[in-house]
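Letter by letter, the chains look like this.
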Amino acid sequence: MVKPPSITRKARAVVTGAGSGIGAAIALELAARGSAVVCADINLAGAQTTADQIVEQGGDALAVACDVRKREEIETLAGEAQDYFAARPTLIVNNAGIGVGGLAADQLSLEDWQQTIDTNLWSVIHGCHIFVPLLRAEKNAGVLNIASAASFSAAPTMASYNVSKAGVLALTETLHAELKGAGIHVTAVCPTFVKTAIVEQGRISNSSKNLAARAMRVTGVSAHSVARKALSGLERNELYVLPQLDARLIWHAKRHLPRSYSRVTALLGAR
């Protein structure tokens, strides 16, 4: 039996939000698998740091500044990637995003909603809209969208973040169905707490930030662990990658014990 070509090894990959956290870890793991990587980030210095690490380890990488909220900048990113690879990309990792939380849904400003949806959801819509036609032409390619356990957990005081990540999950599910048989693997990654700077750098109230930081210390896993599991799941064309036990417990609790789950979340909201 002929082994199918690898999606994550010797790929031509574009990773958004590659300047830190999960994005940087995925870029480094892809490079370790022999892939050439375009590291995109709104913070060019961060993207350059990741690219430099890859080059120092003998890999191929290019750093590109990109504001993923802007469609025209992702179009430019796609063009720069094709110039760098001298070919079409074979993998898009839509990772860039921000953490938001700490206020009830009716207390969030419309500006907060707009910022969250633009950064966390529209960026993935842009990335899929622009890159999937390029991947279709390759017929051995992948789409890896970084969602969150928030996409299905609907935790209190995280309305805009929950909605943005639920949109990412729905888009990924749709693409997975539409691209079946096209040679394109599509995966959504739904972690809980990952030891990155998302809490410190996110738009999170101080009280919630302290709680999230404690949870991060106790239950958080490394970004590199999530990166490895995400890429392995993409290789197998798994629609969902739930890289932590608590994510899987939440997933099953909401589906098998919906009434109990809603009561627990209501109690959390009341507190």
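Here's what I pulled together on the structure shown here. (Residues numbered from 1 in each chain as written. Predicted model: local features only at pLDDT ≥ 70, side-chain atom pairs only at ≥ 80, totals over all residues. Heavy atoms only, no water.)

### A look at the pattern of salt bridges
And step 1. A full pass over the atoms with the stated rule returns 7 salt bridges.
And step 2. Across the pair E138 and R12 runs a salt bridge whose closest N-O atoms are separated by 3.0 Å. Placement of the pair is E138 in helix α4 (residues 110–138) and R12 in strand β1 (residues 12–16), with a sequence separation of 126 residues.
And step 3. For E29, the salt bridge is made with R33, and the minimal N-O distance between the two is 3.0 Å.
And step 4. Under the relative-accessibility criterion, E29 is labelled buried at 19%. (Salt bridge = Lys/Arg side-chain N within 4 Å of Asp/Glu carboxyl O. Helix = DSSP H or I, 4+ residues; strand = E, 2+ residues; numbered from the N terminus. Buried < 20%, exposed > 50% of the residue type's maximum accessible area, 1.4 Å probe, protein only.)

### A closer look at the sheet that holds strand β9 (residues 240–241)
And step 1. Pairing in this open sheet of 7 strands is parallel, and the strands run β3-β2-β1-β4-β6-β7-β9 from one edge to the other. At either margin of the open sheet sits one strand with a lone partner, and together these are β3 (61–65) and β9.
And step 2. Both β1 and strand β4 (residues 91–94) contribute to a ladder of 3 bridges, which runs parallel. From the neighbouring strand, V15 faces β4, where its bridge partner is V93.
And step 3. Against the sheet, helix α2 (residues 44–56) contacts β2 (36–41) and β3, and its axis sits at roughly 180° relative to β3.
And step 4. Here α4 sits on the sheet and contacts β1, β4, β6 (141–146) and β7 (184–189); the angle it forms with β6, its principal contact strand, is near 165°. (Pairing = 2+ DSSP bridges. Contact = heavy atoms within 4.5 Å. Axes fitted to C-alpha atoms, helices over the stretch in contact; angles between N-to-C directions.)

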